[in-house]
Amino acid sequence: MPDRGYSQPGTGAPVTADAVADPLAAYRLGTQPYYAPTGNEVALFEHAWRHRLPLLLKGPTGCGKTRFIEHMAWRLGQPLVTVACNEDLTAADLVGRYLLDAQGTVWQDGPLTQVVRHGGICYLDEVVEAHPDTTVVIHPLADARRVLPLDRKGELVHAHPDFQLVVSYNPGHQGRGKELKPSTRQRFVAFGFGYPAPETEAAIVAHESGVDPAVARQLVALAARTRTLQAQGLEEGASTRSLVHAGLLVAGGADLRDAVGMAVVSALSDDLEIEQALHALAEACLG
């Protein structure tokens, strides 16, 4: 978790005037994140923000969900606190806990509580990776109550007017038992993300990596072919993120085939037969 710009309890570090005025200053994006819209997602997000509706984004790995949230936080002038969810994430990790310091036992807010108090966007990335008993803590925030009970502290925190909850997940994980409980899902408005259209995806890859546009188009053509292999044993096709990684390697001087081998083929599977099929696809697409 990044430095929040203010001292933790008991550290003895000075609290600056800026940190007191804006406790989430460190979470504000200073520059505009590059994002290429693929549809009406910007307008849809703004509608949800206007009513502070909790929002669920669903789509495959590396298709741009996180970058979209960063762009919208910048666009709306809001701090963005991101929590990468995993199976070891506890409710205390989100809301806070009592800690010991030189003065005794003190309460420290978790990332969710900080945003609820001060306003901004709290983004729970890959929320299905968290245990359902953990995600239940967001229920009273994601309905008309907009409150966060801190049971251990005996406090009920009413959400700041600018607080919004956003979560994301990859629907492809549902086949492995990773899905949201209906009682959680139905608290959110939602829309889905897919990979961008080829021309848009090529422009993204070229912009983000600095690779030549012609090479970006080759990478996108390869990715499209890998995505057809999901019905043939490949868990997921190449993501836009993987293509950017390949582009960065090429822009830095790596051979195109070596870059694709590292960022796409070897990264997608450990199965020898699938790797061989991916290498054949790469040869066909790269010429």
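Just above, that's the structure.
Residues numbered from 1 in each chain as written. Predicted model: local features only at pLDDT ≥ 70, side-chain atom pairs only at ≥ 80, totals over all residues. Heavy atoms only, no water.

## Quick word on the layout of surface pockets
There is about 460 Å³ of room inside the largest pocket. What lines the largest pocket is a set of 24 residues, among which Gly 62, Cys 63, Gly 64, Lys 65 and Arg 67 lie closest to the centre. When residues of the lining of the largest pocket are traced back to their parent elements, those giving at least two are helix H3 (65-76), helix H8 (198-209) and helix H10 (240-251). A per-class count over the lining of the largest pocket returns 8 nonpolar, 9 polar and 7 charged. Its volume calculated, the second largest pocket comes out at about 210 Å³. (1 Å grid on protein atoms, 1.4 Å probe; cavity = no way out; pocket = protein on both sides within 12 Å on 5 of 7 lines; lining within 4 Å. Points joined across faces, edges and corners; volume = space filled by probe spheres on them. Helix = DSSP H or I, 4+ residues; strand = E, 2+ residues; numbered from the N terminus. Nonpolar A, V, L, I, M, F, W, Y, C, P; charged D, E, K, R; others polar.)

## Structural notes on the packing of aromatic side chains
For the coordinates displayed, the defined rule picks out 6 aromatic pairs. Between Phe 45 and Phe 68, the ring centres sit 5.7 Å apart and the planes meet at 85°, which makes this aromatic pair edge-to-face. In this pair, Phe 45 is assigned in helix H2 (residues 41-50) and Phe 68 in helix H3, connecting sequence segments 23 residues apart. Residue class for Phe 68 comes out buried when judged on its relative accessible area of 0%. Connected via pairs of aromatic rings, a cluster forms that spans Tyr 35, Phe 45, Phe 68, Phe 191 and Phe 193. The cationic tip of Arg 52 hangs over the ring face of Trp 49; the distance from NZ or CZ to the ring centre is 3.8 Å. Arg 227 extends its terminal NZ or CZ atom over the ring of Tyr 195, reaching a point 3.6 Å from the ring centre. (Phe/Tyr/Trp six-rings, centres within 6.5 Å; stacked < 30°, edge-to-face > 60°. Buried < 20%, exposed > 50% of the residue type's maximum accessible area, 1.4 Å probe, protein only. Lys NZ or Arg CZ within 6 Å of the ring centre and 35° of its normal.)

## Describing the side chain of Arg 52
For Arg 52, the position within the fold is in the loop between H2 and strand S1 (55-58). Polar contacts involving the side chain of Arg 52 include one to the main-chain carbonyl oxygen of Pro 161, which spans 2.8 Å. Among all residues touching Arg 52, those that are not within four sequence positions of it are Arg 146, Pro 161, Asp 162 and Phe 163. (Polar contact = N/O pair within 3.5 Å; in protein donor to acceptor, adjacent residues only side chain to side chain. Contact = heavy atoms within 4.5 Å.)

## A closer look at the pairing of strand S5 (residues 120-125)
Burial analysis of S5 places 5 of its 6 residues in the buried class, the great majority of the element. Strand direction decides the pairing type here: strand S2 (residues 80-84) and S5, joined by 5 bridges, are parallel. Within the sheet, the bridge partner assigned to Thr 82 lies in S5 and is Tyr 123. Relative to strand S8 (residues 163-169), S5 runs parallel, the two being bridged by 5 bridges. Bridging from a neighbouring strand, Ile 121 pairs with Gln 164 of S8. (Pairing = 2+ DSSP bridges.)

## With respect to the packing of helix H9 (residues 213-227) against H10
The geometry of H9 relative to H10 is characterised by a closest axis approach of 10 Å and an angle of 145° between their N-to-C directions. Viewed along their axes, H9 and H10 form a crossing whose handedness is right-handed. Along its contact with H9, which presents Val 215, Leu 219, Val 220, Ala 223 and Arg 227, the element H10 presents Thr 240, Leu 243, Ala 246, Gly 247 and Val 250. A breakdown of the residues in the contact of H9 with H10 according to their chemical character gives 7 nonpolar, 2 polar and 1 charged. (Axes fitted to C-alpha atoms, helices over the stretch in contact; angles between N-to-C directions. Left-handed = near helix turned anticlockwise from the far one by under 90°.)

## Section: H8
With 12 residues, H8 should reach 16 Å at 1.5 Å per residue; the first-to-last C-alpha distance of 16 Å fits that figure. All of the buried residues along H8 are Glu 201, Ala 202, Ile 204, Val 205, Ala 206 and Ser 209. Gly 210 sits one or two positions beyond H8 and adopts a positive phi of about 85°. (Expected span 1.5 Å × (residues − 1).)

## A word on the nonpolar core
Core analysis: the biggest nonpolar cluster contains 32 residues, and Leu 94, Leu 112, Val 116, Leu 124, Leu 148, Phe 163 and Leu 165 have the highest contact counts within it. Among the secondary structure elements, those contributing two or more residues to this core are S2, helix H4 (91-95), helix H5 (111-118), S5, strand S6 (147-150) and S8. For this core, the element with the highest residue contribution is S8, accounting for 4 residues. Apart from residues no more than four positions distant in its own chain, Leu 148 is found in contact with Val 95, Leu 112, Thr 113, Val 116, Val 137, Leu 141, Glu 155, Leu 156 and Val 157. Counting 29 residues, the second largest nonpolar core, distinct from the first, contains Ala 238, Ala 263, Ile 274 and Cys 285. (Core = buried A, V, L, I, M, F, W, Y, C linked by side-chain atoms within 4.5 Å.)

## Some words on the sheet that holds S8
Judged by pairing direction, the sheet is parallel, and its 5 strands sit side by side in the order S2-S5-S8-S1-S9 without closing on themselves. Sheet topology places S2 and strand S9 (189-192) at the edges, where each strand pairs with a single neighbour. Averaged over all pairs of adjacent strands, the angle between strand axes in this sheet comes to 20°, irrespective of strand direction.

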